[in-house]
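Report on the structure
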Amino acid sequence: MKVDAIVFLVYLLGLLVVGIYFSRKASKSVDNYLLGGRSLGPAVTALTMQSSAMSGYMFMGGPALAFQQGWYALWYAFGDAGGAIVNLSVLGKRMRRMSEILGALSPIEYLEKRFDSPAIRIVGSVISIIFLFGYVFAQFIASGKALEQLTGLPYSMALLIGVGVIISYTVTGGYLAVVWTDFIQGIIMVVGVVGIAIFGFINLGGLSGLNEQIAQVDPSYLSPWGKDLAYVGQWGVVLGAVLIYSIGYMGLPHVVVRHMSMKSTKTVKGAILYAATWNQLFVFTPYLLGFMAIVLLPNLGDPEMVIPTLAYEFFPGILAAILLSAVMAAIMSTSDSILMQAGTILSRDIYLRFIDKNASQNKMVSISRLSILAAGVVGVIVAIYQPPSVFGLVIFSFGVLGNSFMVPYVASVYSKKANKIGVLCAMIAGGVTNIIWTSMELQDITFLHPFLAGLIMSILGMLVGNPFGKKPLWIDDVLNDVKNGYNVPYSLDKNVSRDLNPEASNISKYIDSK
Amino acid sequence: MAKKIWTNEIQFSKEEVNRLLQQMEKKSRFTIDRLIYYPYYFLEYGLKEKTLLHGKVGKIGCTIDSISGVGSLIDVSPNLYETEMEGNERIDVHLTQKDAALEGEKFVCKSISYKMKILRMPEVELQKNLLFYRPFWLVRGDRKKKKFLLVFDAVTGKFHPL
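Summary of the structure given here. (Residues numbered from 1 in each chain as written. Chains lettered and ligands numbered in written order. Predicted model: local features only at pLDDT ≥ 70, side-chain atom pairs only at ≥ 80, totals over all residues. Heavy atoms only, no water.)

A closer look at the state of the cysteines
Residue and element names in this part refer to chain B. Applying the stated rule across the entire model yields zero disulfides over all chains. No disulfide involves Cys109; its sulfur sits 10 Å from the nearest other cysteine sulfur, which is in Cys62. Judged by relative accessible area, which is 2%, Cys109 ranks as buried. (Disulfide = S-S within 2.5 Å. Buried < 20%, exposed > 50% of the residue type's maximum accessible area, 1.4 Å probe, protein only.)

Written out as structure tokens, the structure reads:
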């Protein structure tokens, strides 16, 4: 067995021991509850959040695009970095207020309540589940590649082991204190990636040196239009690349489980701030490593192996193996939460609500976990027989999601006329257009990014569908409230704890009744 | 009429609330009006399942808002004490203890399904079901004749406009 494989096994075993130790500690304590969240301090929480956000895309997809297309790849990074800010300042405020008024805990529940339509929930859930599984398939492929490098096994065998480990971990891991394991992994990955970047820059003479050497290989790498100026003047493609990350995530069906602290805590707010800062730092690093590989690894066979290959180039074998083990473990950690969310949406939002209203809790868990197993089987088949690139799969999943949800979300806070028929048309037209555009490679003929094509069709869908439906009667008053926001100074508004909304609303009624 | 109730210890005094808000918003004046006690059910469940790795799983705690029925997971067992209190500071309960237990079980199972890596739902056994009142400060704010109201959680220091 390769030494690297032994390092990986020891690493996984170490994580298991840490997880079990902290789980046992948590369940032995009289006062602490499982799943209740822990106060770890903002910096630790932030690193944990960052670690679970580091997916196969960041370690394989992003660098691969940069390696193949040069500076053009940064259009995607700009969308990623700027998207959160645009969202927070433009849409976010209104959507948060609307979401509070509707009492919605997830984006899909939000759309259902806003437009008064269970059909929206079904269509939205189906699209989300497909997206989530698509995203997880990309993680599967990444895990296969990481394991292939670590163990020296053939890709298909490494993939089977990788997916097997992920699925088993997801359904039998119980309550492992993942915050601690994520924290340790976060440190390894941050140190590893930053380490590679530093060594790379020293080797290449900084950013200017890197650019000079890239120019010697092929100056078109430095152009914003891609290698060989493949996308020159194609604003439809560039706009799609920027938009996809800036708005695609809005359709993520992240379900918020409400937490109430029993102690005074300021951890969460600080953590979000720290995590946002981390994110800004890390959005660009994987792409920079891709640029370095153009110079340092000109004969690299698989572009998605940029980071693992650079790690072995700069670090002693064992350290590189530890970094790659951390990457593999992070992929597991990202995949398990996505798989569980997709499974739970399927069992609760679709099966329980629309198929069997009296299903027992055990039946629901079984359905959820069976769908995870099925996803594993389909994922392996796809990844072995028709393996798309990690980048392609993530972009496709994000694109379908953004195209299905962006127009309905914008309309939900800005339009008085929007209604369920318009929203359903917008969701279906947007999503389906992206699928057709991508699968038939229409971008090459039309010079229009699939995301932009989907966006245009989604807007048209909304405009065509709206005349056939009726808006909810209560919406005019609510939209005015949403537009006006809270009657408090801005400095207070930005510190408001949104989760106190049900209490605030009931206390308000209590005071009025007095 | 005075009645015995369970409640949380107040962690933020009037002065602290004023100081904290003033730090955030220097141009406003704040008047800390009074305390309002908000009703919740505190529910504690034991989770039983013999698994290969973990043995007995442990406990899970939640609160159910006794007005709107909204559930929340909680981190630690709340520090509650019994005291006598006048009715005019308390909001009336809408949900019965039995209904709260049902809502709580549904909420806890859903949370487990989202967050625990399990093949079967563990046996969930209700161990505690207690009505308690959480203190909130009612705060009046005033900035250049623009008046506003806030509700300030006296246990955690979180706040929300009314």
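Some words on the packing of aromatic side chains
Evaluation of the coordinates by the stated rule reveals 17 aromatic pairs over all chains. Ring plane angle 80° and centroid distance 6.4 Å describe the contact between Tyr72 of chain A and Tyr76 of chain A, whose orientation is recorded as edge-to-face. For the pair Tyr72 of chain A and Tyr76 of chain A, a shared accessibility class is recorded, and that class is buried. Judged by centre distance (6.2 Å) and plane angle (75°), the ring pair of Trp75 of chain A and Phe78 of chain A falls under edge-to-face. Pair noted here: Trp75 of chain A and Phe78 of chain A are both in helix α4 (residues 74-102), with a separation of three residues, about one helical turn. In textbook terms, an aromatic cluster arises when at least three aromatic residues are bridged by ring pairs, as seen for Tyr38, Tyr40, Phe132 and Phe136 of chain B. Above the ring of Tyr133 of chain B, the side-chain terminus of Arg90 of chain B is found at 5.7 Å from the ring centroid. (Phe/Tyr/Trp six-rings, centres within 6.5 Å; stacked < 30°, edge-to-face > 60°. Helix = DSSP H or I, 4+ residues; strand = E, 2+ residues; numbered from the N terminus. Lys NZ or Arg CZ within 6 Å of the ring centre and 35° of its normal.)

Remarks on the pattern of salt bridges
All names here are of chain A. The final tally for this structure, using the stated rule, is 18 salt bridges over all chains. One salt bridge in this structure joins Asp349 and Arg121, with 3.2 Å as the shortest N-O distance. Placement of the pair is Asp349 in helix α13 (residues 317-355) and Arg121 in helix α6 (residues 118-151), with a sequence separation of 228 residues. On the accessibility criterion, Arg121 (9% relative accessible area) is buried. Between Lys227 and Asp228 there is a salt bridge whose closest N-O contact spans 3.6 Å. The class for Asp228 is exposed, based on a relative accessible area of 54%. A single salt-bridge network, built from bridges that share partners, covers Glu112, Arg121, Asp349 and Arg353. (Salt bridge = Lys/Arg side-chain N within 4 Å of Asp/Glu carboxyl O.)

Thoughts on helix α5 (residues 107-115) of chain A
All names here are of chain A. By the criterion of burial, α5 is predominantly enclosed, with eight of the nine residues buried. Along α5, the residues classified as buried are Pro107, Ile108, Glu109, Tyr110, Leu111, Glu112, Arg114 and Phe115. Just downstream of α5, Asp116 is the residue with a positive phi angle, here 55°.

A word on the nonpolar core
Ranked by size, the top nonpolar core spans 129 residues in total, and within it Tyr76, Met98, Tyr110 and Ile196 of chain A carry the most contacts. A per-element tally of this core places α13 of chain A first, with 17 residues. The contacts of Tyr110 of chain A, once residues within four sequence positions are left out, are Met95, Met98, Ser99, Leu102, Ala104, Tyr409, Ser412 and Val413 of chain A. Counting 22 residues, the second largest nonpolar core, distinct from the first, contains Val488 of chain A together with Leu20, Leu21 and Leu35 of chain B. (Core = buried A, V, L, I, M, F, W, Y, C linked by side-chain atoms within 4.5 Å. Contact = heavy atoms within 4.5 Å.)

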